[in-house]
Amino acid sequence: MTLALFSRRPRGFPVASAAVSKLGLEETPRLKGISVVVPVRDNPEGLARLGTWWRGLAEDERPLELIVVDDASQQPVEFVAEEVRILQGGGRGPACARNVGWRAAKGLWVAFLDSDCLPAAGWPSSFAIGWRGEVAVQGAVLAMGKDWLSRYYESQGVLRPMAWTEDGRPQYLISANCLVHRSALERVGGFSERFPLAAGEDVDLGLRLSQPPCVREDVASADVPS
């Protein structure tokens, strides 16, 4: 389960799926039950790359749908393909854009992907491998390039969670590649829109998802802007 950042060419990077929180869910993350949500602002090259990936998928390899949320790009987002919807995020940041996406999603599961990422073969169906009833699953993210920025990201572990439980689960999510059950998103109110930039909103979500159910119910009652 891999993604490539800062690269146009994928490479294998096998890792086991890891979980954030477990609630004994029974809805296995099946491919046709997964909606993919991608927020984007002014990244036509990344979106074109994703379009090539999506159109190249066979019917039995394609998730239920792809939702692209345009977060006030200077040029209107163009993405014409089967089972693709373009929504408007209003320019309030990636947290809000992701919320717009998952709330409109048809699937029981929502896979979050960044517009500068390229999925590896088998994504997102590979989330089901090793799934044990968790509400959220973290995938691997690998910087594919050889430039200094890619090397820095790899050496510093920027693309992977830095906090882990004793049984080997990440304590928060990296939203460039993760899967969350829709009911869990509803319970906690989705991403906090107090984060206007792409920094910390996914960590915050993962930490809230990992809290006990009684705490999550309290969080879910909070007023979250739409």
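S.K.: Please provide a residue-by-residue account of the overall build of the protein chain, values included.
M.R.: Check the secondary structure of the protein chain and you find 6 helices and 10 strands. In the form shown here, the protein chain has an accessible surface area of approximately 10800 Å², with 54% of it arising from carbon and sulfur atoms.

S.K.: I'd like to hear about the side chain of Ser-175, residue by residue, with values.
M.R.: Inspection of the secondary structure assignment puts Ser-175 in the loop between helix H3 (148-156) and strand S10 (177-181). A relative accessible area of 2% places Ser-175 in the buried class. Ser-175 has contacts with Arg-98, Phe-112, Leu-113, Asp-114, Phe-191, Glu-201 and Asp-202, leaving out every residue within four places of it along the chain.

S.K.: So, helix H2 (residues 94-104): which residues are in play, and what are the values?
M.R.: Since there are 3.6 residues in each turn of an α-helix, residues three or four apart along the chain are aligned in direction. With respect to burial, H2 is a largely interior element, 8 of its 11 residues being buried. Those residues of H2 that fall on the buried side of the exposure criterion are Pro-94, Ala-95, Cys-96, Ala-97, Arg-98, Asn-99, Gly-101 and Trp-102. Its buried side turned inward, H2 meets strand S3 (34-40), strand S4 (65-70), strand S5 (84-88), strand S6 (109-113), helix H4 (182-188) and helix H5 (201-209).

S.K.: Can you explain the confidence of the model for the protein chain? Please cite residues and give values.
M.R.: Any residue range with low pLDDT should be treated as having predicted coordinates unsuitable for detailed reading. Of all residues in the protein chain, 71% attain a pLDDT of 70 or more, and the chain-wide mean is 77. For the protein chain, the element scoring lowest by mean pLDDT is strand S1 (residues 3-5), at 40; H2 scores highest, at 97. A low-confidence stretch, residues 1-18 (pLDDT under 50), is modelled with 75 contacts involving residues beyond four sequence positions or located in other chains. Note that residues 214-226 has pLDDT below 50 and, in this model, 24 contacts with residues that lie over four places away or in other chains.

S.K.: I'd like a description of the pairing of S10, backed by residues and values.
M.R.: For S10, the buried fraction is high: 5 of the 5 residues fall into the buried class. Neither face of S10 is left uncovered, since the one carrying Asn-177, Leu-179 and His-181 and the one carrying Cys-178 and Val-180 both have all their residues buried. Relative to S10, S6 runs antiparallel, the two being bridged by 5 bridges. Considered in S10, the bridge of Leu-113 is made with Asn-177. As judged from the 3 bridges shared by strand S8 (residues 136-138) and S10, these two strands associate in the antiparallel manner. Along S10, the bridge assignment pairs Ala-136 with Val-180.

S.K.: Quick one: what's the story with the packing of aromatic side chains, residue by residue and with numbers?
M.R.: With the rule as written, the count across this model stands at 4 aromatic pairs. With a centroid separation of 6.1 Å and 65° between ring planes, the pair formed by Trp-123 and Phe-127 is classed as edge-to-face. For Trp-123, a relative accessible area of 2% puts it in the buried group. The rings of Trp-53, Trp-54, Trp-123 and Phe-127 are connected pair by pair, giving a single aromatic cluster. Above the face of the Phe-191 ring, Arg-98 is positioned so that its terminal group lies 5.3 Å from the ring centre.

S.K.: Lay out H5 in plain terms, naming residues and giving numbers.
M.R.: The element H5 is largely enclosed, with a buried count of 7 among its 9 residues. Taken together, the buried positions of H5 are Glu-201, Asp-202, Asp-204, Leu-205, Gly-206, Arg-208 and Leu-209.

S.K.: Lay out the pattern of salt bridges in plain terms, naming residues and giving numbers.
M.R.: In total, this model carries 9 salt bridges according to the counting rule given. Residue Arg-62 is joined to Glu-82 by a salt bridge in which the shortest nitrogen-to-oxygen separation is 3.5 Å. Of the two residues, Arg-62 is situated in the loop between helix H1 (44-55) and S4 and Glu-82 in the loop between S4 and S5; the sequence distance between them amounts to 20 residues. Residue classification places Arg-62 among the buried residues on the basis of a relative accessible area of 7%. The salt bridge partner of Arg-85 is Glu-65, with a shortest N-O separation of 2.7 Å. Separated by 20 residues along the polypeptide, Arg-85 in strand S5 and Glu-65 in strand S4 bring together distant segments of the chain. Classification of Arg-85 as partly exposed rests on a relative accessible area of 27%.

Criteria and cut-off values
Residues numbered from 1 in each chain as written. Predicted model: local features only at pLDDT ≥ 70, side-chain atom pairs only at ≥ 80, totals over all residues. Heavy atoms only, no water. Helix = DSSP H or I, 4+ residues; strand = E, 2+ residues; numbered from the N terminus. Areas by Shrake-Rupley, 256 points an atom, 1.4 Å probe, with all protein chains shown as cover. Buried < 20%, exposed > 50% of the residue type's maximum accessible area, 1.4 Å probe, protein only. Contact = heavy atoms within 4.5 Å. pLDDT = per-residue confidence, 0-100. Pairing = 2+ DSSP bridges. Phe/Tyr/Trp six-rings, centres within 6.5 Å; stacked < 30°, edge-to-face > 60°. Lys NZ or Arg CZ within 6 Å of the ring centre and 35° of its normal. Salt bridge = Lys/Arg side-chain N within 4 Å of Asp/Glu carboxyl O.

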